[in-house]
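Here is what each chain is made of, one letter per residue.
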Amino acid sequence: MTTLTYTHWRDVPETTWHWPSFSPAEIACRGSGAIKIKTEAMDMLQRLRNRLAKPLIVLSAYRSPEHNRAVGGAPASKHMQGTAFDIAMANHDPMAFEAAAREVGFLGFGFYPRSGFMHIDLGPARSWGDRFPVQATAFIEETPPAREVLAQSRTLRGTGAAGVATVGAAGIEVAQEVLAETQDAVLPLVPYLETLRWVFIAVALGGIAVAVWARIDDWTRGRR
């Protein structure tokens, strides 16, 4: 494992930095600005970032011994070796994050749900702290498009039939008047048209009855 150490993150040459999702300032000690780069750890962190396809908010990476004591870190903290990272869970599902971190090779896990971050390091394999609570995702019931609801509405079907039949009956009445004023040869058709007009009227009344029944039934079922 290659180790690169600089007294300040600004001293890191651009040609040395190979992790596009992170900057030296993010990995450097928050107290002194010094940085210790463990290439294997950074490669693993970049793979984790690529796998999750989401930004990783690094709260703490390398710590100088002085800064580690100041923040109450463990005496042998992996942060002082440059092989540990504290990552905020604000934009991650903790369970998915942990699974992805294990898949890329991280072995040490510390859970800090109250502070909203997870510690990961290169090992040895161990874990501590209370795991993050599982948050149930509430799914909104899918509402069918308005056009589909209308197409399935018995009320619409009934009123549609009534409307069509009413227009048909009116059309027959007009046709009767027109035929009565035309040649005598077509007069025999008038009685048949009268019968057809009554058929349309019956259909219209039936459609209205269906619409009224559907309204009452839908109301009873709580569908309206």
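Right above here is the structure, for reference.
Residues numbered from 1 in each chain as written. Predicted model: local features only at pLDDT ≥ 70, side-chain atom pairs only at ≥ 80, totals over all residues. Heavy atoms only, no water.

> Where do I start with the environment of aspartate 11 in this structure?
Relative to the assigned elements, aspartate 11 resides in the loop between strand 1 (3-6) and helix 1 (24-27). Distance in space between the C-alpha atoms of aspartate 11 and proline 24 is 9.3 Å, their sequence separation being 13 residues. A distance of 3.2 Å separates polar atoms of two side chains, one belonging to aspartate 11 and the other to threonine 7. (Helix = DSSP H or I, 4+ residues; strand = E, 2+ residues; numbered from the N terminus. Polar contact = N/O pair within 3.5 Å; in protein donor to acceptor, adjacent residues only side chain to side chain.)

> Got a minute to help me understand the sheet that holds strand 6 (residues 117-121) in this structure?
By way of backbone hydrogen bonds, the strands of a sheet pair with one another, either parallel or antiparallel. Reading across the sheet, the 5 strands line up as 3-4-6-5-7 and stay open at both edges, with mixed pairing between neighbours. Each of the sheet's edge strands pairs with one partner strand only, and the pair in question is strand 3 (58-60) and strand 7 (126-128). The mean angle between the axes of side-by-side strands here comes to 25 degrees, regardless of whether they run parallel or antiparallel. Helix-sheet contacts for helix 2 (residues 39-52) involve strand 4 (84-88) and strand 6, and the interaxial angle to strand 4 is about 25 degrees. Packed on one face of the sheet, helix 4 (residues 94-104) meets strand 4, strand 5 (108-112) and strand 6 and runs near 5 degrees to strand 6. (Pairing = 2+ DSSP bridges. Axes fitted to C-alpha atoms, helices over the stretch in contact; angles between N-to-C directions. Contact = heavy atoms within 4.5 Å.)

> Got a minute to help me understand helix 4 in this structure?
When helix 4 is considered as a whole, its buried residues turn out to be Pro94, Phe97, Glu98, Ala100, Ala101 and Val104. Along the axis of helix 4, the buried positions cluster into a sector of 165 degrees, meaning they face one direction only. Helix 4 presents Met95 and Glu103 as exposed residues on the side facing more than 90 degrees away from its buried surface. On its buried face, helix 4 sits against helix 2, strand 4, strand 5 and strand 6. (Buried < 20%, exposed > 50% of the residue type's maximum accessible area, 1.4 Å probe, protein only. Arc of directions from axis to C-beta.)

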